[in-house]
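Letter by letter, the chains look like this.
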Amino acid sequence: QAQLVESGGGLVQPGGSLRFSCAASGSIFGSYVMGWYRQAPGKQRELVATITGTSTNYADSVKGRFTISRDNTKNTVYLQMNSLKPEDTAVYYCNAAHLMVPTIKYWGQGTQVTVSS
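The sections below set out a description of the structure shown in this document. (Residues numbered from 1 in each chain as written. Predicted model: local features only at pLDDT ≥ 70, side-chain atom pairs only at ≥ 80, totals over all residues. Heavy atoms only, no water.)

## A look at the packing of aromatic side chains
Here a ring pair, both rings aromatic, is described through the centre-centre distance and the interplanar angle of the planes. Going through the model one piece at a time under the given rule, you end up with 5 aromatic pairs. Residues Tyr32 and Tyr106 carry aromatic rings whose centres are separated by 6.1 Å and whose planes lie at 55 degrees to one another, so their mutual orientation is tilted. Linking Tyr32 in strand 4 (residues 32-39) with Tyr106 in strand 10 (residues 105-107), this pair joins segments that are 74 residues apart in sequence. A residue is classified by how much of its surface remains accessible, and Tyr32, at 6% relative accessible area, is buried. Seen from their ring centres, Tyr93 and Trp107 are 6.3 Å apart, and the 90 degrees between their planes marks the pair as edge-to-face. Of this pair, Tyr93 sits in strand 9 (residues 90-98) while Trp107 is found in strand 10, placing the two residues 14 residues apart along the sequence. You can call Tyr93 buried: its relative accessible area is 15%. Judged by relative accessible area, Trp107 falls into the partly exposed class, the value being 35%. (Phe/Tyr/Trp six-rings, centres within 6.5 Å; stacked < 30°, edge-to-face > 60°. Helix = DSSP H or I, 4+ residues; strand = E, 2+ residues; numbered from the N terminus. Buried < 20%, exposed > 50% of the residue type's maximum accessible area, 1.4 Å probe, protein only.)

These figures come from the coordinates and say nothing about function on their own.
And the structure:
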């Protein structure tokens, strides 16, 4: 069964950095757009970043601070988060959406990030 397993996250001070990893199992990865979403308390889940091949897309709020990358040999996607702000506090989710059939989606378990002094 296809799975996305996240690691990383935690508590960090403003201005700090964190790195997420998302390992894909099963048949996920090569034919999928990989991405990261987040959901803050009381808010809707929002796109953070996606990567298709070498093409990346970022939410305006994270441009210049976050970097998404993927290692196809390890079936893993990464999110490097720098210059973190309190408003980045949220549960972060890894996502895989099939390139040809976007309704085929998988989600990771979610990982809490708290940015606070």
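There is more to say after this.
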